[in-house]
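Coordinate analysis (summary)
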Amino acid sequence: MSQEIAKLEIEGKIIELPVITGSEGEKALDIKSLRAETGYITLDNGFVNTGSCTSAITFLDGEKGILRYRGYPIEQIAKGSNFLEVAYLLNFGKLPNKKEFNFFEEKVTSFATLPEGITKIIDQYPLDAHPMGVMSAVTSSLSAFYPEFLDAPLDNVQRERVIAQLMAQVKIIAAYFYRRTIGKSAHRSHPSLGYSKDFLNMMFFEEGKEVDEAVGHALDVLFMLHADHEQNCSASTVRVIGSSQANVFAAIAGGIDALWGQLHGGANQRVLEMLEEIQKAGGDHKKFIAKAKDKNDSFRLMGFGHRVYKNFDPRATIIKEQCDIILEKLNVQDPLLDIARGLEEEARSDEYFVKRNLYPNVDFYSGIIYKALGIPTNMFTVMFVLGRLPGWLAQWKEMREDVAAKIARPRQIYTGERLRDYVPMKDRK
Ligand code: CMC
């Protein structure tokens, strides 16, 4: 088939740009040669309309509310799979058969303790440190304890091992730090319990008490929904760091830091804080809607809006269902849920939000679930880290396996001072 070409006229000159078509019919203009041919670059603040790579991991259609991992719809994944299997799927491109899954699980299990040096590092953090800072720094510190994973480029076997290692250890770091903050000794990881049950067990272990199977499953569903979301802010950060061939620990630590921001993963903590604020203000959500609409006020309705989803966020739909199931299972009556429902109802019929296609996103109801599970508010974004980790790893792996991958190095349009002469300090006013 002949290459589709788009034509662009610049200063009277016609430039031919190859059209790249994805497997779902998405189209892009390949502008690689634009600067060389015309001296122009493209400018797209915030990468609103820029494809930074081709990728075979996750497909999403924001207009239709579609999300698929390796072709499988998120609804089917959430219903039938488990988080570790999703990690395998994202990273290795296929659903594992029994043998492949067991092999992967065994590898994860082989990393189920932290090096002593790492626990000593965690022990040095102030108890009121934000857990996201701890997660990022300690993940980066793993590089000091696993020098065998620093070689670039890693071979296939090492890549698989480091993926298993991080899948095993990042959750232990989170639980270890949490246990410290509540003055309890660490409880060891038992990966055979399943990813989420093991994590809840490490967090909340008490002699004679077992984590409920249904609760473990519900958390697994939440993690599956968060597992990848193509080139979002944190995944792009992982790719940018990894593109310089920095080690995987540095890349994942960077992803954690990017996720921390309140416009990204940090929104789930902010949602709960916002709901609590509304509760304190007597439940008057109308006042907060008005604040969010006021262009002179920087306040935004947290958990609303999405760069890509402009119709509905399919993850939010599933999370809302899970929220009802978990609260009923745990027999929790949370007044914040009523406030959240009221806020959603109000916003959905408000012209400001309707006109801008602002719907609840993945972060809107997840915090209520985490709260019901007993997770402290400042650890909500850490929960997102655990969920998103396999996606970051898959994005890093895909990039490192691409022999044509280039170091990420965007251009800019300079708007600063033009040439001027240096003035010695004695002559300055
Ligand atoms: N509350 C009030 N107004 C909003 C909101 C909101 N939550 N989100 C967007 N807007 C308005 C915004 O002011 C702008 O209005 P106008 O066209 O009049 O200037 C318009 O909607 C478009 O917003 P934008 O900021 O240009 O859109 P974006 O694609 O750059 O930002 C977003 C997307 C998710 C950062 C933004 O919707 C937001 O800040 N939401 C609240 C934070 C949040 O929930 N983040 C989690 C995102 S989903 C999970 C994740 O990525 O981690």
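An account of the accompanying structure is given in this report. (Residues numbered from 1 in each chain as written. Predicted model: local features only at pLDDT ≥ 70, side-chain atom pairs only at ≥ 80, totals over all residues. Heavy atoms only, no water.)

Remarks on the pattern of salt bridges
Operational definition: Salt bridge criterion: a side-chain nitrogen from Lys or Arg within 4 Å of a carboxyl oxygen from Asp or Glu. The rule is simple: take the accessible area with a 1.4 Å probe, protein chains only, and divide by the maximum for that residue type; under 20% is buried, over 50% is exposed, in between is partly exposed.
Summed over all chains, the structure comprises 28 salt bridges. Between D313 and R315 there is a salt bridge, and its shortest N-O distance comes to 2.8 Å. Neither residue differs from the other here; D313 and R315 are each classed as buried. Several salt bridges share partner residues, and in doing so they unite R159, K397 and E401 into one network.

Let's talk about the site of the ligand
Operational definition: One heavy atom within 4 Å of a molecule or strand makes the whole residue count as near it. Here a polar contact means two N or O atoms within 3.5 Å. Within protein one must be a hydrogen donor candidate and the other an acceptor candidate, and residues neighboring in sequence count only if both atoms are side-chain atoms. Accessibility throughout is a Shrake-Rupley quantity obtained with a 1.4 Å probe, and a residue counts as covered only by protein chains that appear here. Residue classes follow a fixed rule: Ala, Val, Leu, Ile, Met, Phe, Trp, Tyr, Cys and Pro count as nonpolar, while Asp, Glu, Lys and Arg count as charged, and any other residue, Gly among them, counts as polar. Note that domain bounds follow an automatic or database assignment of domains.
Of all residues adjacent to the ligand, which total 22 residues, the nearest are H264, R300, L301, G303 and R307. Between the ligand and Y352, the relevant distance is 2.9 Å, taken from a nitrogen atom to a side-chain nitrogen or oxygen of the residue. Burial of the ligand by the protein amounts to 75% of the accessible area it has alone, namely 940 Å². Each residue belonging to the shell around the ligand can be placed in one class, and the counts come to 10 nonpolar, seven polar and five charged. The residue makeup of the shell around the ligand includes at least three contributed by each of domain 2 (70-264 + 388-401) and domain 3 (268-373).

Considering helix α8 (residues 195-204)
Cut-off, in case you're wondering: Counting from the N terminus, the helices are the DSSP runs of H or I reaching at least four residues and the strands are the DSSP runs of E reaching at least two. Note on contacts: a residue pair is in contact if any heavy atoms of the two residues lie within 4.5 Å.
By the criterion of burial, α8 is predominantly enclosed, with nine of the 10 residues buried. Considered for burial, the residues of α8 that qualify are Y195, S196, K197, D198, F199, L200, N201, M202 and M203. Packing partners of the buried residues in α8 comprise α3 (83-92), α7 (156-181), α9 (213-226) and α18 (380-401).

Digging into the environment of S243
Here S243 lies in helix α10 (residues 233-243). Considered as a pair, S243 and W396 are 153 residues apart in the sequence and their alpha carbons are 8.5 Å apart. Not counting residues within four places of it along the chain, the set of residues in contact with S243 comprises M399, K406, I407 and A408. Here the side chain of S243 touches V240 through a polar contact of 2.7 Å, landing on its backbone oxygen.

So, the pairing of strand β4 (residues 58-61)
Consecutive side chains of a regular strand alternate in pointing toward one face of the sheet and then the other. Heads up, the rule is: The pairing criterion is simple: DSSP has to find at least two bridges between the two strands.
Every second residue of β4 is oriented toward a common face, with T58 and L60 on one face and F59 and D61 on the other, all of them buried. As paired elements, β4 and strand β5 (residues 66-69) share four bridges and run antiparallel to each other. By the bridge assignment for β5, L60 is matched with L67. Between β4 and β5, which pair antiparallel one after the other, the connecting turn spans four residues, and G65 there sits at a positive phi close to 70 degrees.

Focus on the packing of α9 against helix α17 (residues 362-373)
Let me state the cut-off plainly: Fitted lines through C-alpha atoms serve as axes, helices being fitted only where they are in contact, and the angles separating the N-to-C directions of these axes extend from 0 to 180 degrees. Any angle between 65 and 115 degrees counts as roughly perpendicular, while under 35 counts as roughly parallel, over 145 as roughly antiparallel, and the rest as oblique. Crossing chirality is assigned from the near helix's rotation relative to the far helix, an anticlockwise turn below a right angle marking it left-handed and a clockwise turn marking it right-handed.
One way to put it is that α9 packs onto α17 with a least axis distance of 12 Å and a crossing angle of 155 degrees. Looking at the two axes, α9 sits roughly antiparallel to α17. Helix-helix and strand crossings are classified by hand; for α9 and α17 the assignment is left-handed. Of the residues in α17, those in contact with V215, L219, L222 and H226 of α9 are V362, D363, S366, I369, Y370 and L373.

Examining the nonpolar core
Stated precisely, the cut-off is as follows: To qualify as a nonpolar core, a set must consist of buried Ala, Val, Leu, Ile, Met, Phe, Trp, Tyr and Cys residues joined through side-chain atoms within 4.5 Å.
Ranked by internal contacts, the top residues of the largest apolar core, which has 114 residues, are L166, M167, L301 and I375. Discounting residues that sit within four places of it in the chain, L166 has contacts with T139, L142, V248, F249, I252, L389 and L393.

Observations concerning the sheet that holds strand β6 (residues 72-73)
Read from one edge of the open sheet, three strands run β4-β5-β6, paired in antiparallel fashion. Unpaired on one side and paired on the other, β4 and β6 mark the two borders of the sheet. Direction of pairing for β5 relative to β6: antiparallel, over a ladder of two bridges. Bridging across to β6, Y69 finds its partner in Y72.

Worth remembering: the numbers are spatial, not functional.
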